[in-house]
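# Structure at a glance
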Amino acid sequence: MPLNIKITRKLLDDYRKIKREIPILEIELEEMKTTDSGIGNSTILDYRTGQARPQSVVGFDKELYDRRERSLEKKKAQVKAVEQWINQIEEGQTRCIFRMYYIDGMTWLKIADKTGYTGNPDYVRIMIRDKFLLKCGIK
């Protein structure tokens, strides 16, 4: 099920957080399959005696597993979409700045030092990143 992902400012701002959540979700899914953490508990009403009596049913929580699996796939698709979008930026310096900030997780101060704007991280952020986002219609 391919997702049509639109690049937004919120998606870009959340990119690093989403990328950090992927390995955590993968570990949770693996633990659900291999340990007791995948065991859930539901209550059903038992009518065998003619009266509704609550009974506990224990088993693998497939709904929770499927929900987490869908969440993982969505996050992977979002990360892939952002990385493809960044790699398609034509202007080299802009692409490099986006890659350093979003993919490599560098600070604006470090990016400014690496790109020759030492001591002026606001220039890189406002005049290069923000200006490019406005040009693309991303607010």
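- The protein has the name DUF722 domain-containing protein in an unreviewed UniProt entry, where Candidatus Enterocloster faecavium is given as its organism.

## Description of the nonpolar core
- Grouped together as the largest cluster of nonpolar side chains are 32 residues, with contacts concentrated most on Ile-7, Trp-85, Phe-98 and Ile-111.
- If we ignore the near neighbours within four places in the chain, the residues touching Ile-111 are Ile-97, Met-100, Tyr-101, Met-106 and Val-124.

## Considering the packing of helix H1 (residues 9-34) against helix H2 (residues 62-87)
- Packing of H1 against H2 brings their axes to within 8 Å, and their N-to-C directions diverge by 145 degrees. Viewed along their axes, H1 and H2 form a crossing whose handedness is left-handed.
- Of the residues belonging to the contact of H1 with H2, the class tally is 14 nonpolar, two polar and 10 charged.

## A closer look at the confidence of the model for the protein
- Confidence in the prediction of the protein, expressed as mean pLDDT, is 88, and 98% of residues score 70 or more.
- When mean pLDDT is compared element by element in the protein, helix H3 (residues 92-103) scores highest at 94, while strand E1 (residues 39-46) scores lowest at 77.

## Observations concerning a nonpolar patch on the surface
- Where nonpolar side chains cluster on the molecular surface, the patch consists of Tyr-123, Ile-126 and Met-127 and spans about 250 Å² of accessible area.
- Tracing the backbone shows Tyr-123 in helix H5 (residues 121-135).
- Exposure remark for Tyr-123: the relative accessible area of 33% places this residue in the partly exposed category.

Here is what the cut-offs are and how they apply
- Residues numbered from 1 in each chain as written.
- Predicted model: local features only at pLDDT ≥ 70, side-chain atom pairs only at ≥ 80, totals over all residues.
- Heavy atoms only, no water.
- Core = buried A, V, L, I, M, F, W, Y, C linked by side-chain atoms within 4.5 Å.
- Buried < 20%, exposed > 50% of the residue type's maximum accessible area, 1.4 Å probe, protein only.
- Contact = heavy atoms within 4.5 Å.
- Axes fitted to C-alpha atoms, helices over the stretch in contact; angles between N-to-C directions.
- Helix = DSSP H or I, 4+ residues; strand = E, 2+ residues; numbered from the N terminus.
- Left-handed = near helix turned anticlockwise from the far one by under 90°.
- Nonpolar A, V, L, I, M, F, W, Y, C, P; charged D, E, K, R; others polar.
- pLDDT = per-residue confidence, 0-100.
- Patch = residues over 30% accessible without salt bridge, like charges linked within 9 Å, V, L, I, M, F, W, Y side chains within 5 Å.
- Areas by Shrake-Rupley, 256 points an atom, 1.4 Å probe, with all protein chains shown as cover.
- Salt bridge = Lys/Arg side-chain N within 4 Å of Asp/Glu carboxyl O.

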